[in-house]
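Observations on the three-dimensional arrangement
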Amino acid sequence: MELHLHIEGTLEPELAFALAARHGIALPYPTVEALRAAYSFGDLQSFLDLYYKTCDVLRDRSDFYTLAMAYFARAHADNIVHAELFFDPQTHTSRGVPMGDVIGGLRDAMADAERRYGITSELILCFLRHLPEEDALATLEAAMPFRSEIVGVGLDSGERGNPPAKFVHVFARAKSLGFRLVAHAGEEGPAAYIREALDLLQVERIDHGVRCEEDPALVERLIRERTPLTVCPLSNVKLRVVPRLADHNLARLLARGVNITIHSDDPAYFGGYLGDNFRACAAELGLGAHQLTALCENAIRASFLPATEKATHLSRLRRAVAQWTMRSLLP
Ligand code: HPA
Ligand code: ZN
C-alpha cells in the first residue's frame, strides 16, 4: 500500500529530460547526471525549490499519463496493490495547464494500471500551504467538475510558518463535500501542527508526524485514537529531518503502539521506492517479520479502501506471510 506518494515526486531525471525535449524546454541542468547530482538537499525548502522547477516539463495530459504509468510500473515491481496518489494542481494550473488535463492524464494511467497490473488507486488533491487559503478555496472549486475522481484532500509544501490553522475554511468546505482529509504535519513543523491538523482540520491521517514525540501527551493521544502516521523514512534522511536512518524514531513509535505506516514520498528525489524504504528500515532499524507485517497491516487499515477490500488485502497479506514463514522454516 502506498498512501504517501506525490506523483510529481516520481519524475525521474531521464523522463524529465525526455519531456523537456518533447516540449523544447531547457532544464536548469545540462544532463541527467547533473540533475541527479543536484538531488542533495539541506532541508524541505531546498528540495521543493528544485521539485517545483522540474515540474515545468509536465505540460499536457499525455505527460501526466506517462509520469503516472512510469510510477505504476515501479509500483508493480514492488508488489504494491493499492496507491493513493497526492497531486498538486496549483503547481500546474499556475503555469496554464488545465486542471482537467492533470486529472485526466492521471486517471487514464490509473485505469490502465488496474487493467495491466491489478493495482487500484485513488487521487488526493493537495493544497500548497505556502500559498494563501483563498487560492486553496479557488482550487477546490475548480476541482468540483472532477469531484467523483478525487477521494480526498491534503496539505503539502513548506511547513514552517504555514500552520494547518491557515486552512480551516477550505478543509471544512472539503469535509462538507464528503472528501476524506489528510495533512502533512510534524515533518519540519512542530508537534503543535499535528494537534492543529487533528483538531482544526479534522484530518483522518497525518502525513509524516515524526515530530510527535516532542509532545508526550500527543503521542498518548495518537496511540489511543489509532491515528495513522504515514512515515517516509528515506525522505526524512534526505531532507535532514533525521541525521541517519538508524536514528529514526519509527521503530520506537511502532513498538509503543503508534499506528505507523511506511511510504516513499518523492521516490525519484529521495533515493528509493517503497521496497527500498522497507529494506532500508529492516536493515538499519532491525525490523523483523513481525514489525514489517504490522506496518503492512496498518497501511491496509489506514487506506481509503472500502471495508470489504481491506479484508481481502488483510487475508492476502496473512497468506503471503504464512507462506514466507513456512519457506524460511524449510531446509
Ligand atoms: N513535504 C511537503 N511537501 C511536499 C513534500 C514533502 O515531503 N513532497 C512534495 N511536496
Ligand atoms: Zn509528502
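Structure: above.
Scope of this entry: the structure provided in the associated data block. (Residues numbered from 1 in each chain as written. Chains lettered and ligands numbered in written order. Predicted model: local features only at pLDDT ≥ 70, side-chain atom pairs only at ≥ 80, totals over all residues. Heavy atoms only, no water.)

All of the protein donors around the zinc ion (ligand 2) are His4 (NE2), His6 (NE2), His184 (NE2) and Asp265 (OD); their distances to the metal are 2.1 to 2.2 Å. Its four donor atoms give the zinc ion (ligand 2) angles of 83 to 175° at the centre, a pattern that matches the irregular case. (Donors = N, O, S within 2.8 Å, 3.2 Å for Na, K, Ca; no water. Tetrahedral: all angles 85-135°; square planar, octahedral: opposite > 155°, others 65-115°.)

Another aspect to go through is the pattern of salt bridges. The tally for this structure, following the rule as stated, stands at 23 salt bridges. For the salt bridge of Arg22 with Asp60, the shortest nitrogen-to-oxygen distance reads 3.3 Å. With Arg22 in helix α1 (residues 13–23) and Asp60 in the loop between α3 (44–54) and α4 (61–77), the pair connects residues that are 38 residues apart, well separated along the chain. Between Arg221 and Asp199 there is a salt bridge, with the nearest N and O atoms lying 2.8 Å from each other. Taken together, the positions of Arg221 in helix α10 (residues 216–225) and Asp199 in helix α9 (residues 191–199) put the pair 22 residues apart, joining distant regions of the chain. For Asp199, a relative accessible area of 40% corresponds to the partly exposed category. (Salt bridge = Lys/Arg side-chain N within 4 Å of Asp/Glu carboxyl O. Helix = DSSP H or I, 4+ residues; strand = E, 2+ residues; numbered from the N terminus. Buried < 20%, exposed > 50% of the residue type's maximum accessible area, 1.4 Å probe, protein only.)

Right, let's talk about the packing of helix α15 (residues 289–302) against helix α16 (residues 307–329) for a bit. Working note: a packed helix pair is described by the angle between its axes plus the distance between those axes. As a packed pair, α15 and α16 sit with axes 9 Å apart at the nearest point and diverge in direction by 165°. In this view, α15 runs roughly antiparallel relative to α16, as classed from their interaxial angle. In this structure, α15 meets α16 at a crossing whose hand is right-handed. Contacts between α15 and α16 pair Ala289, Thr293, Cys296, Glu297, Ile300 and Arg301 from the former with Lys310, His313, Leu314, Leu317, Arg318, Val321 and Trp324 from the latter. Residue composition of the contact of α15 with α16, grouped by class: seven nonpolar, two polar and four charged. (Axes fitted to C-alpha atoms, helices over the stretch in contact; angles between N-to-C directions. Parallel < 35°, antiparallel > 145°, perpendicular 65-115°, else oblique. Left-handed = near helix turned anticlockwise from the far one by under 90°. Contact = heavy atoms within 4.5 Å. Nonpolar A, V, L, I, M, F, W, Y, C, P; charged D, E, K, R; others polar.)

Before going further, it helps to spend a moment on the site of ligand 1. Neighbouring ligand 1 are His6, Leu44, Phe47, Leu48, Tyr51, Asp156, Ser157, His184, Glu187, His208, Asp265 and Asp266. Between Ser157 and ligand 1, the recorded distance is 2.8 Å, taken from a backbone N or O atom to a nitrogen atom. At 2.9 Å from a nitrogen atom of ligand 1 is found a side-chain nitrogen or oxygen belonging to Glu187. Calculation on ligand 1 without its partners gives an accessible area of 260 Å², and the protein chains cover 100% of this total. Its atoms largely coinciding with the cavity grid, ligand 1 occupies the largest cavity. At four residues, the largest contribution of residues to the shell around ligand 1 is made by α3. (Near = heavy atom within 4 Å. Polar contact = N/O pair within 3.5 Å; in protein donor to acceptor, adjacent residues only side chain to side chain. Areas by Shrake-Rupley, 256 points an atom, 1.4 Å probe, with all protein chains shown as cover. 1 Å grid on protein atoms, 1.4 Å probe; cavity = no way out; pocket = protein on both sides within 12 Å on 5 of 7 lines; lining within 4 Å. Sits in = over half its atoms within 2 Å of the grid points.)

One way to put it is that α1 packs onto α4 with a least axis distance of 11 Å and a crossing angle of 165°. As far as their axial angle goes, α4 and α1 are roughly antiparallel. Along this stretch, α1 crosses α4, giving a crossing that reads as right-handed. For the pair α1 and α4, the contacting residues are Leu15, Leu19, Arg22 and His23 in the first and Ser62, Asp63, Thr66 and Leu67 in the second. Residues belonging to the contact of α1 with α4 are distributed by class as follows: three nonpolar, three polar and two charged.

Attention shifts here to the packing of aromatic side chains. According to the stated counting rule, one finds eleven aromatic pairs in the structure shown. Consider the rings of Phe41 and Phe47, whose centres lie 5.4 Å apart with planes at 75°: the pair is edge-to-face. Taken individually, Phe41 and Phe47 each receive the classification buried, so the pair is uniform in this respect. Taken together, Tyr39, Phe41, Phe47, Tyr51, Tyr52, Tyr269 and Phe270 form an aromatic cluster joined through their ring pairs. (Phe/Tyr/Trp six-rings, centres within 6.5 Å; stacked < 30°, edge-to-face > 60°.)

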